Amino acid sequence: MGVNWREMFPTKLTFVIFLLYISLFIGQGIFVTASQEANNSYSYNTVTVVLLTEVLKLLVSASLYCRERNLPSLLRDVRKDSDVMMLYFVPAFLYCLYNNLAFINLSTFDPTTYYLLLQLRVVITGVLFQIIFKKYLTRRQWISLLLLTLGCMLKQINLNKFYGDTNDDSEAAAVQQANLNGTSASVSRVSGKNMTGFDLSLSAVLILAQTIFSCLAGVYNEYLLKDKGADVNIFVQNVFMYVDSIICNALILLINGQLAGAFTADSLRAIWRFNVIIIIVNNAAIGIVTSFFLKYMNSIVKTFASALELMFTAVLCYFLFAIPIYINTAMAIAVVSFAIYLYSQSPVVNTGKVRPLISLNEASQDKRKLLDSDGETDLEMDIV
């Protein structure tokens, strides 16, 4: 059976969105890591950076809308669909937690390990996808999702236990040797980073929480884009998301007692640096691209796009941060790649009420033709 590229990518533009999504996410992990101090801390307020990112997303989305219309028209659309805006508080809050936890977890894990652990969201996303869209994945699709999870787990296996090779080149073996030499704590670290994955600590809880928030936000956001808000202009939907996100991040600053100090001259000066500004710009681009991704593809394809980031992230981190690529990482990437190939032979197609995207000009149109011409309101998802 060959790869059903047409079903995974209905148009050329959806394939471009797919590549953009991967490139931007790879950059985000590397940019955040590069902005850290020698002790893996941040010299700037990360919550403020997330808030400013949402402000930039809001300005970009509003500008793209006003390119075809005007500001009064945008305000009218916001008032008209205010009920949808309230629904967006759910994914906005979840994304708020996800984005803030990303900074915390990237200060604990190296980018490759970080992205590997986030792949645990694949199976969770599959379950949520079935619950929310009331459709079931095929056996082949489930096998590919489980293989992807297995690939993530390979990161922690100590190969020396199985064949007693003294030249075992895994992270776990490196931990064991470092402990024998008394040169490391119980967790192998490069520049203070956790490279083995989960351990029984707070960092494991935080990465698991980020994974769950990502799954819930992604699937629910897709539900809003394709069902409840399917007839709402995509840029208006983005405005809803980013306004709600700004409110959520401002509340976090307020609860932490940092709202006033977050925008002082010193705080803004710490942010006004190239290696921090590029995080804001790149993350804003991720938000815009993700909205198109979820509207014109689906959450399952999104998780596999995230898995592809692993290969490129591992190579780039090796050259940029001298983070070694152990045999565990190579094996994990190999299994993940096979899972992607297996899934590509029988992809989930979930267009809902949205017709395939041909050009960005279509996204600015207010009225959309629904795929279900007979007027039905239920989502349609073809599982091949």
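About the thresholds
Residues numbered from 1 in each chain as written. Predicted model: local features only at pLDDT ≥ 70, side-chain atom pairs only at ≥ 80, totals over all residues. Heavy atoms only, no water. Helix = DSSP H or I, 4+ residues; strand = E, 2+ residues; numbered from the N terminus. Buried < 20%, exposed > 50% of the residue type's maximum accessible area, 1.4 Å probe, protein only. 1 Å grid on protein atoms, 1.4 Å probe; cavity = no way out; pocket = protein on both sides within 12 Å on 5 of 7 lines; lining within 4 Å. Points joined across faces, edges and corners; volume = space filled by probe spheres on them. Polar contact = N/O pair within 3.5 Å; in protein donor to acceptor, adjacent residues only side chain to side chain. Disulfide = S-S within 2.5 Å. Contact = heavy atoms within 4.5 Å. Phe/Tyr/Trp six-rings, centres within 6.5 Å; stacked < 30°, edge-to-face > 60°. pLDDT = per-residue confidence, 0-100. Salt bridge = Lys/Arg side-chain N within 4 Å of Asp/Glu carboxyl O. Expected span 1.5 Å × (residues − 1). Axes fitted to C-alpha atoms, helices over the stretch in contact; angles between N-to-C directions. Parallel < 35°, antiparallel > 145°, perpendicular 65-115°, else oblique. Left-handed = near helix turned anticlockwise from the far one by under 90°. Patch = residues over 30% accessible without salt bridge, like charges linked within 9 Å, V, L, I, M, F, W, Y side chains within 5 Å. Areas by Shrake-Rupley, 256 points an atom, 1.4 Å probe, with all protein chains shown as cover. Core = buried A, V, L, I, M, F, W, Y, C linked by side-chain atoms within 4.5 Å.

Peer 1: Just to check I follow, could you spell out the overall build of the chain for this structure?
Peer 2: For the chain, the count of helices and strands is 18 helices and four strands. The burial tally for the chain puts 55% of its 384 residues in the buried class.

Peer 1: In this structure, what is going on with unusual backbone geometry? I would like to understand it.
Peer 2: Comment: phi is negative for the bulk of residues other than glycine, and the bulk of peptide bonds are trans. For Asn40, which is not glycine, the phi dihedral falls at a positive 70°. Mapped onto the elements, Asn40 comes out in the loop between α2 (12–34) and α3 (46–68). For Asn40, a relative accessible area of 12% corresponds to the buried category.

Peer 1: Whenever I open this one, the environment of Leu148 confuses me. Can you help?
Peer 2: Take Leu148: it is sitting in helix α9 (residues 139–153). Sequence separation between Leu148 and Leu120 is 28 residues, and the spatial gap between their C-alpha atoms is 8.2 Å.

Peer 1: How should empty space enclosed by the protein be read in this particular structure?
Peer 2: It is the rolling of a water-molecule-sized probe over the atoms that shows where space remains empty. Scanning the entire structure with this criterion turns up four cavities of 30 Å³ or more. Space inside the largest cavity adds up to approximately 430 Å³. Contributing to the lining of the largest cavity are 31 residues, with Phe25, Lys57, Tyr95, Asn99 and Ile286 lying nearest its centre. At the level of elements, α2, α3, α6 (89–106), α7 (111–118), α12 (202–228), α13 (234–255) and α15 (274–296) are the ones that each hand at least two residues to the lining of the largest cavity. The element that contributes the greatest number of residues to the lining of the largest cavity is α6, accounting for six residues.

Peer 1: How should I be thinking about the environment of Thr108 in this particular structure?
Peer 2: Structurally, Thr108 is set in the loop between α6 and α7. Residues Thr108 and Ile207, 99 residues apart in the sequence, show an inter-C-alpha distance of 9.8 Å. Of the polar contacts made by the side chain of Thr108, one reaches the backbone oxygen of Ile104; its length is 3.4 Å.

Peer 1: Where do I start with the state of the cysteines in this structure?
Peer 2: Note on terminology: a disulfide is the covalent bond linking the sulfur atoms of two cysteines. Under the counting rule described, the total for this entry stands at zero disulfides. Cys96 provides the cysteine sulfur closest to Cys248, a residue in no disulfide bond, and the two sulfurs are 5.4 Å apart.

Peer 1: What is the right way to look at the side chain of Asp81 in this model?
Peer 2: In this fold, Asp81 is placed in the loop between α4 (71–80) and α5 (82–87). Residue class for Asp81 comes out buried when judged on its relative accessible area of 14%. In this structure Asp81 touches Val232 and Phe240, once residues within four positions along its chain are discounted.

Peer 1: Mind showing me how you'd approach the packing of aromatic side chains here?
Peer 2: The geometry of an aromatic ring pair is captured by two quantities: the separation of the ring centres and the angle between the planes. Inspection of every chain in the model, using the stated rule, returns five aromatic pairs. Relative to Phe103, the ring of Tyr42 lies with its centre 5.6 Å away and its plane at 80°, an arrangement referred to as edge-to-face. Of this pair, Tyr42 sits in the loop between α2 and α3 while Phe103 is found in helix α6, placing the two residues 61 residues apart along the sequence. No difference in accessibility class separates Tyr42 from Phe103, as the two residues are buried.

Peer 1: Hey, could you run me through the confidence of the model for the chain in this one?
Peer 2: Detailed reading of the predicted coordinates is not advisable wherever pLDDT falls low. The share of residues in the chain with pLDDT of 70 or more is 70%, and the mean pLDDT across the chain is 75. Taken element by element, the chain is modelled with least confidence in strand β4 (residues 381–383), mean pLDDT 30, and with most confidence in α3, mean pLDDT 92. Contacts of residues 366–384 to residues separated by more than four positions or lying in other chains number 54 contacts, the stretch itself having pLDDT below 50.

Peer 1: Help me understand the pattern of salt bridges in this model?
Peer 2: Note on pairing: side chains with opposite charge can pair once their charged atoms come close. A complete count under the given rule lists four salt bridges for this structure. Across the pair Lys57 and Glu54 runs a salt bridge, and its minimum N-O distance is 3.3 Å. You can see Lys57 and its partner Glu54 sitting in helix α3, three residues apart, about one turn around the helix. A single burial state applies to Lys57 and to Glu54, both of which are buried. Across the pair Arg67 and Glu68 runs a salt bridge whose closest N-O atoms are separated by 3.8 Å.

Peer 1: I'm lost on α3 in this one. Help?
Peer 2: Residues separated by three or four positions in an α-helix point in the same direction, a consequence of the helix having 3.6 residues per turn. Here α3 spans 34 Å end to end across 23 residues, near enough to the 33 Å set by a 1.5 Å rise per residue. Among all positions in α3, only Thr46, Val47, Thr48, Val49, Val50, Leu51, Thr53, Glu54, Lys57, Ser61, Ala62 and Tyr65 are buried. The distance from a side-chain oxygen at the start of α3 to the backbone nitrogen of Val47 is 3.0 Å, and the residue carrying that oxygen is Asn45.

Peer 1: Can you walk me through the packing of α2 against α6 in this structure?
Peer 2: In a packed pair of helices, the relevant descriptors are the angle between the two axes and the axis-to-axis distance. Two elements in contact, α2 and α6, have axes separated by 9 Å at closest approach and are oriented at 55°. In terms of orientation, α2 and α6 fall into the oblique class. Helix-helix and strand crossings are classified by hand; for α2 and α6 the assignment is right-handed. Here Phe25, Gly29, Val32 and Thr33 of α2 lie close against α6, whose contacting residues are Tyr98, Phe103 and Leu106.

Peer 1: Teacher, can you tell me more about a nonpolar patch on the surface here?
Peer 2: On the surface, a nonpolar cluster with roughly 630 Å² of combined accessible area is contributed by Ile247, Leu251, Leu254, Ile255, Leu259, Phe263 and Leu268. Ranked by residues supplied to the nonpolar patch, first place goes to α13 with four residues. Tracing the backbone through its elements, the reader meets Leu259 in the loop between α13 and α14 (265–271).

Peer 1: Explain the nonpolar core to me, please; I cannot follow it from the model alone.
Peer 2: Across soluble globular proteins, you tend to see nonpolar side chains buried next to one another. Core analysis: the largest hydrophobic core is formed by 71 residues, its most contacted members being Phe18, Tyr44, Val49, Phe103, Tyr114, Phe240 and Phe293. Top contributing element to this core by residue count: α2, with 10 residues. Ranked by size, the runner-up nonpolar core spans seven residues in total, among them Val47, Ile252, Leu253 and Ala262.

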